[in-house]
Amino acid sequence: MVGKVMRDGFSDGPLIGHSEILGWWADLLRRLPRTGGLLALVGEPGIGKSRLQRAFNEYAAATGSRVLHLRCRETDAASAYRPLIEALAPLSRPGGPLEGEVDQVYRSALTTLRRLWEGGESGEPETSPLTVAESAVRVLSLLAGERGLVVAVDDVQWADPETLVVLEHLARTIDLTPIALTVTARTDPVGAARIARMVDTPAARVTELGRLAPTEQKEMVVSQLGRDVPSDVIEFVSERAEGLPLAVEELLADLLRHGAAYRDHGVWVVRRERFVGVTATSIAAAVEARLAQLDADAQVVAVAVALRDDDSTWDDIAQITGQPADRVAAGLADLVTADVLISVGRGRFRYRHGLIADAVLSASNPSIAQRLARGAALDLEQRPGSGPDRAAQVARLWECAGDPDAAARAHIEAASGWLAQGAAETAILSARSALARSRTVELRATAADVLSEALTRTGRFADALALQPDVLADGDVLSSGEVPTYGASLPAPRRALAYCRFARCAMEIGQPDRAARDLDAAEALGVIPDEVHALRATLTFEAGDADGAAELVARAVALAEQAGNLRALGSALLIQARVLRSRDPADAIPGLERLVELAEHTMPVTYERAMLELGLVDRLTTNRADRLLEARRLAVERGSVHTRAVAETNLWPVLAESGDLAQAERMSVGGLELAERYGLRSAHPARTMFVMHEAVRGRYASASAQVEELRGDPFVGGAELYLEVFRGDAQRALAAITPAIPGLMRVPDARAAPARGLYALLMAVVRDDPEPARLIAQSGIGAWYNRGLIRLAEAVVAGAGGDRVAADAAAAQGFTDLDRFPIMAAAAAVIVAPRSIEQGWGDPETWLTTARERFADLGNETMRQRCGALLRAGGFPVRRRGRGDAEVPAHLRRFGITSREMDVLLLVAQHLTNAQIAEALTVSPRTVDTHVSRLIAKAQVSNRSELSALVD
C-alpha cells in the first residue's frame, strides 16, 4: 500500500465499504475458541478479496489468535496437498509448535501429515484424502490452543482436489472446532461451485464483494494519501480504477513512483503531464504474461477489442483486423480461455476492466496497434452520430494511432461537448489532453480557449488566467523555448470573448487593473461583445461607485435585450442584482427570479449563479437556507468551485442559527478550504466568517489564531470584531473595527457585513455617538440584521436622552428585525443590556434569558456566564434551562427555535395559558408573551393553534 491508516485494528483502505462484514468477523474472533466459523469472500480479480483477508489476518494476530495461511496457485492442480504442506511443514521443524511429543490423540494425525511432506516409504499403503482431512482437522485444533486459530485460504478455485477434500471436511466441522476459516474465490463457475460445496453450514457466511462506489473510491484515495489529496488525483483514479480496490492502490503507487503527484514542504504538487503511462503494475504484468502464451492472431484480436470502448462482436473485430471470421472466432475463444476476455452473451466480448485493455495495448506490437487504431478511428468518424462520448473515443483511437494533432482535435470536440452539457470537470480533462497533444499554435490556442472557459466555469480563475498567452498566441508552430505573442490565432469574435473571460478571472482574483486592460483589448478588436458592458459595470461597482455601476448595468441590460443575447443578459442581470442587493436585498429579487426563469433550461451556469445570488438575498433577509443549498448542490454536480465556496461560507450562519451546528461547521471549514486551495477572492470573507464561527462556539484560541493569519490585511478588524463581540468585550470590539470602517463604507458589496451594524451599535453604547447609525442607514443597510442593529443603536441613543418610550419602541423593533438571526440577536443583547438596565428601558430580562439559552446551545460557556452575570446585576433571577433542556426537533431547528422556546412551545401545545406557562417555567408572564410572539413569527404561523400543530 502507498500508506495505511489504522482504525480499530483494521486498515482503512481494504475495508472501505465493508463495515458490516468487519463487524461479523470481529464477533467471530470474540467467540473463539468456544466455536468456529467460515467466511467466504467471492469476487472478480482485483476486487480486494486478498487484501480484505489480509486485513482480517492482521487483526486476528493482533488479538492473539494464531494465523495459518494456505495459498492455492494456478499451477497447483497436479500437486496434491501442496497448500497444506507449505503451511504445515515449517511448523514441525525444530523450534516449531508441532515439534516434540504431543498427546497420543494427535500423534497419529501428525504422522499421517508428515508422510505428505516427507514423501513416505516405498510400498506404504496410499493414505486416503479423508484420512488426511481428519488428521488435518485434529492438528489444526491443536494449533488453535486457548486463543483460537485463523486458517486463511487464498484462491480456492485453484486448489487441487485433495486439498479441496481437506477444506470441505474442515468446513463441515467448523462449528465444532476453535477455528475461523476464511476462503477467497473468483466469481467464475469453478470458484462458485467450490464455495457452494463448503458453505452448507449455519456457521458459514458468503460475501460477494462488489466494486467500490464513487464515494467509497474517493474515501480510499483519501485514506491512503490524506484529506488534502488534490482533486486531480482523485479524478484520475476514479476514471481509471473503475471501483477496483487493487487498481486504486496500484494507480496511487504508480502516480507517486512516476512523480506525477508528490509532497513539497507538506503541500501536494501535481504534474499532470506525468499521468501518461501510469498504470496498475500487477494487472499489466499478468496481462503481458498471458498474451505471451497466445499466437499472433489472438494477439491481434486482443488489440482490436482493446481499441473499442464498448462490447465487441465478431463482425466488429473482423472489420478492424481484416481477418477471416474463423480466425477471429478462434482468437476470441483463446482469449476467453486465457481469462483475458469475458463473453457477455449474444456474441459480444469485452475486457473485465479498462486497465486490462490498457495493458493489452501497452504489451502489443506498436506497429500493429497503430495500424488497427487508425482504421478504427476512421471507421468511427464516418459512422452517423455525434457527442462528447464518441469524440473522446475517437481521440483515444488517434492517440493509439500515433497522430497527436488528430487526437487533439477530437479532444477539443469532446471538451466543447461536455461544456455544452454542463460537465465542466470532464471538459477540463479532455481540454487538458488536447493542450498536451497540440503541436501547432492554432490547435494550442483552441484547446487553451476551451480549457480556460471550463476552468472559469468551475471558479479556478487563476488557473484560467494562466492560459491567456496560449489562447491568444500567434504563429504556426511553437519551437522549443519560444514565447508566443498576442495575435490572430482565434477569430476576432472569439478573441474578444476570451478577453472578456480573462477580465472576469482577473476581477475574481483581485486584479482590477489587468481586468480593465483586457476589456480595453476586447473593445479594440471592433467586435465588442455585449458582455463587455456588464463587466465594465462590475469593475465600476467594485471600485466603490454604486451609482455609476447602476447606470452602466441598466445600459448593459437594455443592449443585451435589444440584441437578444441571453448570455450577455444573464451577466447583466447578475451584476444588477449585486448593485441592488448592496442597497436593499429585497430589491434584487424580481430581476433574479426573472433570470432563474430564463436560464433554468438553457444556461446552466447562469442558472446556478442566479440561485446563488437568490440564496445570498435570503441569507440577508429571511435567513432561509433552501436556495443556498440548491446552489451548492448544483455547484457540486458541475464542479463549480467558486459557487460552492461562496455558498458554503454563507450557509454556516444560516445552519448554525437553525441549530444544525455539525453541518454548519462543515460548511464553514469547507468554504474556507476551497477558497484558499484555488486562490479565490472569497478566501478573505471565508476566513473572517470562520473566525466568527469559532468565536460564536466559544473557541477563542482557534479564532485568535485565524485573526493572526489576517494580521496586516486592511480588513482584519472585521474578523477581530467578531472575536471580541462573542467574547463579550464591547470596548475591544469597537477598537478593532474602527480602523476598517472607512473601507467598509466605500465598498458597496460590504454593506451587508454585520460589522457595519455592530459598529453603529458599539459607537452608541460605548461613546453615545448616534452618527454612525445615521450614516449607515443612509448609505444602505445591505441586510436586515443590520437594520435590527441600527434600531438598537437608536434605542440606546433615545434611552440616553431620557426618552424611554422611544427607546422601548426602537428596541422592540430592533429585536423583531433580529428574530430570524438569533445568534446576532444574542450578541446584541449582551451589548445593549447594560445600558438598558442602567437607564430603565426595554426588556433586558427576556433578551438576556433568550441569549443565555442560545449561547448554551452553541456551547459558548463564556457568553452564557456573561448573560447570567448581567441578569444578576440587573436584579433578575437566573434560572436553570427549562425542563431538562428540551431538544429542538430537526423540522423546527430550521426556524431558529431555541431550547428555551421549545420549552414554551411544548407547554403551548398542552393548551396552557401564558400565566400557567410562566408559573411552570418560573419566569415572568411578560417573558412568556415575548417567547410566544417570537415562536409565531419564526414558524410563520398565525396563532397558537397552528403553533401547537407543529409539535404534533
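1. Notes on the overall build of the chain
Broken down by element type, the chain carries 50 helices and 14 strands. Dimensions along the principal axes, computed over C-alpha positions, put the chain at roughly 120 × 80 × 50 Å. Put simply, the chain has 952 residues, and 55% of those count as buried. Sequence separation of at least 24 residues holds for 65% of the intrachain contacts in the chain that already meet a minimum separation of 6. With an accessible surface of roughly 39,500 Å², the chain has 50% of that area assigned to carbon and sulfur atoms. A gap of 3 Å separates the mean positions of the 107 positive and 126 negative side-chain charges of the chain.

2. Comments concerning the packing of aromatic side chains
If you walk through the whole model with that rule in mind, you get six aromatic pairs. When the ring of phenylalanine 726 is compared with that of phenylalanine 855, the centres are 6.4 Å apart and the planes differ by 75°; the resulting orientation is edge-to-face. Pair noted here: phenylalanine 726 is in the loop between helix H36 (716-725) and helix H37 (730-737) and phenylalanine 855 is in helix H44 (residues 844-858), with a separation of 129 residues, a long-range link. By the burial criterion, phenylalanine 726 is buried, and phenylalanine 855 matches it. Taking NZ or CZ as reference, arginine 727 lies 5.5 Å from the ring centre of tyrosine 700, over its face. Above the face of the tryptophan 784 ring, arginine 787 is positioned so that its terminal group lies 4.7 Å from the ring centre.

3. Remarks on the sheet that holds strand S3 (residues 37-42)
Taken together, the five strands give an open sheet; going across it, the order is S4-S5-S6-S3-S7, and neighbouring strands pair in parallel fashion. Edge positions in the sheet fall to strand S4 (66-71) and strand S7 (204-208), since each of these pairs with one other strand and no more. Taken over all neighbouring pairs, the strand axes of this sheet differ in orientation by 15° on average, direction set aside. Inspection of the sheet shows S3 paired to S7 by five bridges, in the parallel sense. Each bridged residue has a counterpart across the sheet, and for leucine 39 the counterpart in S7 is arginine 205. Most of the contacts of helix H2 (residues 19-31) go to S3, to which it runs at about 155°, and overall it touches S3, strand S5 (149-154), strand S6 (179-185) and S7.

4. Considerations on the pairing of S6
Across the seven residues of S6, seven count as buried, placing the element largely inside the fold. Neither face of S6 is open: one carries Ile179, Leu181, Val183 and Ala185, the other Ala180, Thr182 and Thr184, and all of them are buried. Where S3 meets S6, six bridges bridge the pair, whose relative direction is parallel. Paired with alanine 40 across the two strands is valine 183, which belongs to S6. As defined by bridge partners, S5 adjoins S6 across five bridges and the pair is classed as parallel.

5. Things to note about the side chain of threonine 621
Within the secondary structure, threonine 621 sits in the loop between helix H30 (604-620) and helix H31 (626-638). One polar contact links the side chain of threonine 621 to the main-chain carbonyl oxygen of valine 617, over a distance of 2.7 Å. Those residues in contact with threonine 621, other than ones at most four positions away along the chain, are Pro585, Ala586, Trp784, Arg820 and Phe821.

6. Concerning the pattern of salt bridges
Applying the stated criterion across every chain, the model contains 45 salt bridges. Arginine 444 is the partner of aspartate 470 in a salt bridge, and the nearest nitrogen-oxygen pair spans 3.1 Å. On the criterion of sequence distance, the pair formed by aspartate 470 in helix H23 (residues 468-471) and arginine 444 in helix H21 (residues 441-457) is long-range, its members being 26 residues apart. The residue arginine 594 makes a salt bridge to glutamate 561 at a minimum N-O spacing of 2.5 Å. You can see arginine 594 sitting in helix H29 (residues 589-599) and its partner glutamate 561 sitting in helix H27 (residues 546-563), a full 33 residues away along the chain. Residue classification places arginine 594 among the partly exposed positions, given a relative accessible area of 36%.

7. Observations concerning empty space enclosed by the protein
Applying the stated criterion to the full structure yields five cavities of 30 Å³ or more. A volume near 130 Å³ is recorded for the largest cavity. Forming the walls of the largest cavity are 15 residues, and the residues nearest its centre are Pro822, Ala825, Ala826, Thr850 and Arg934. Its residues assigned to classes, the lining of the largest cavity shows eight nonpolar, two polar and five charged. Along its surface, the second largest cavity is lined by Glu845, Thr849, Arg852, Glu853, Leu871, Pro877, Val878, Arg879, Arg900, Val923 and Thr927. The greatest single-element share of the lining of the second largest cavity, amounting to four residues, is contributed by H44. Looking at the lining of the second largest cavity residue by residue, the class counts come to four nonpolar, two polar and five charged.

8. Thoughts on unusual backbone geometry
Here aspartate 155, not a glycine, exhibits a phi torsion of approximately 55°, which is positive. Note on placement: aspartate 155 falls in the loop between S5 and helix H7 (161-172). One non-glycine residue, histidine 911, adopts positive backbone phi at about 65°. With respect to the helices, strands and loops of the structure, histidine 911 is situated in the loop between helix H47 (899-909) and helix H48 (914-921).

9. Examining the packing of helix H19 (residues 404-420) against H21
The geometry of H19 relative to H21 is characterised by a closest axis approach of 10 Å and an angle of 25° between their N-to-C directions. Relative to H21, the element H19 is oriented roughly parallel. Crossing angle aside, the handedness with which H19 passes H21 is left-handed. Of the residues in H21, those in contact with Asp405, Ala408, Arg409, Ile412, Ala415, Ser416 and Leu419 of H19 are Leu443, Thr446, Ala447, Val450, Glu453, Ala454 and Arg457. Class assignment of the residues belonging to the contact of H19 with H21 gives a composition of eight nonpolar, two polar and four charged.

10. Here's the deal with the nonpolar core
Counting residues in hydrophobic clusters, the biggest one holds 118 residues, and the most contacted among them are Leu721, Phe726, Ile737, Leu761, Leu818 and Phe855. The dominant element in this core, judged by the number of residues it contributes, is helix H43 (residues 822-839), at 11 residues.

11. Overview of helix H28 (residues 566-583)
An α-helical turn contains 3.6 residues, so any two residues separated by three or four positions project in the same direction. In this model, H28 (18 residues) spans 26 Å end to end at C-alpha, consistent with the 26 Å of a helix rising 1.5 Å per residue. For H28, the set of buried residues is Ala568, Leu569, Gly570, Ala572, Leu573, Leu574, Ile575, Ala577, Arg578, Val579, Arg581 and Ser582. If you follow the buried residues of H28, they end up packed against helix H26 (531-542), H27, H29 and H30.

12. Brief notes about the environment of leucine 905
Its location among the elements puts leucine 905 in helix H47. With relative accessibility at 0%, the residue leucine 905 sits in the buried group. Sequence separation between leucine 905 and methionine 692 is 213 residues; the distance between their C-alpha atoms is 30 Å. If we ignore the near neighbours within four places in the chain, the residues touching leucine 905 are Leu892, Leu935, Leu947 and Val951.

13. Section: the confidence of the model for the chain
Scored by pLDDT, the chain has a mean of 83; 91% of the residues are at 70 or more. Contacts for the low-pLDDT stretch residues 120-125, under 50 throughout, to residues beyond four places or in other chains number two contacts. In the predicted structure, residues 475-488 sits below a pLDDT of 50 and forms 27 contacts with residues beyond four places in sequence or in another chain.

14. Concerning the pairing of strand S9 (residues 267-270)
Moving residue by residue along a regular strand, the side chains alternate between the two faces of the sheet. In this structure, strand S8 (residues 261-264) lies alongside S9, joined through four bridges in antiparallel fashion. Along S9, the bridge assignment pairs arginine 263 with tryptophan 268.

15. Describing helix H42 (residues 804-817)
Taking 1.5 Å per residue as the helical rise, H42 with its 14 residues ought to reach 20 Å, and the 20 Å between its terminal C-alpha atoms agrees with that figure. Buried residues of H42: Ala807, Ala810, Ala811, Gly814, Phe815 and Asp817, and no others. Within H42, the buried residues cover an arc of 150° as seen down the axis, which keeps them to one side. Buried positions along H42 lie against helix H41 (784-800), H43, H44 and helix H49 (925-939).

16. A look at the environment of tryptophan 841
By the secondary structure assignment, tryptophan 841 is in the loop between H43 and H44. Overall, tryptophan 841 belongs to the buried group, its relative accessible area being 1%. Separated by 37 residues in sequence, tryptophan 841 and arginine 804 have C-alpha atoms that sit 5.5 Å apart. In contact with tryptophan 841, not counting residues within four places along its chain, are Ala795, Val796, Gly799, Arg804, Ala807, Asp808, Ala811, Val832, Arg835, Ser836 and Trp847. Here the side chain of tryptophan 841 touches glutamine 839 through a polar contact of 2.8 Å, side chain to side chain.

Scoring rules and cut-offs
- Residues numbered from 1 in each chain as written.
- Predicted model: local features only at pLDDT ≥ 70, side-chain atom pairs only at ≥ 80, totals over all residues.
- Heavy atoms only, no water.
- Helix = DSSP H or I, 4+ residues; strand = E, 2+ residues; numbered from the N terminus.
- Buried < 20%, exposed > 50% of the residue type's maximum accessible area, 1.4 Å probe, protein only.
- Contact = heavy atoms within 4.5 Å.
- Areas by Shrake-Rupley, 256 points an atom, 1.4 Å probe, with all protein chains shown as cover.
- Lys, Arg positive; Asp, Glu negative; His and termini not counted.
- Charge placed at Lys NZ, Arg CZ, Asp CG, Glu CD.
- Phe/Tyr/Trp six-rings, centres within 6.5 Å; stacked < 30°, edge-to-face > 60°.
- Lys NZ or Arg CZ within 6 Å of the ring centre and 35° of its normal.
- Pairing = 2+ DSSP bridges.
- Axes fitted to C-alpha atoms, helices over the stretch in contact; angles between N-to-C directions.
- Polar contact = N/O pair within 3.5 Å; in protein donor to acceptor, adjacent residues only side chain to side chain.
- Salt bridge = Lys/Arg side-chain N within 4 Å of Asp/Glu carboxyl O.
- 1 Å grid on protein atoms, 1.4 Å probe; cavity = no way out; pocket = protein on both sides within 12 Å on 5 of 7 lines; lining within 4 Å.
- Points joined across faces, edges and corners; volume = space filled by probe spheres on them.
- Nonpolar A, V, L, I, M, F, W, Y, C, P; charged D, E, K, R; others polar.
- Parallel < 35°, antiparallel > 145°, perpendicular 65-115°, else oblique.
- Left-handed = near helix turned anticlockwise from the far one by under 90°.
- Core = buried A, V, L, I, M, F, W, Y, C linked by side-chain atoms within 4.5 Å.
- Expected span 1.5 Å × (residues − 1).
- pLDDT = per-residue confidence, 0-100.
- Arc of directions from axis to C-beta.

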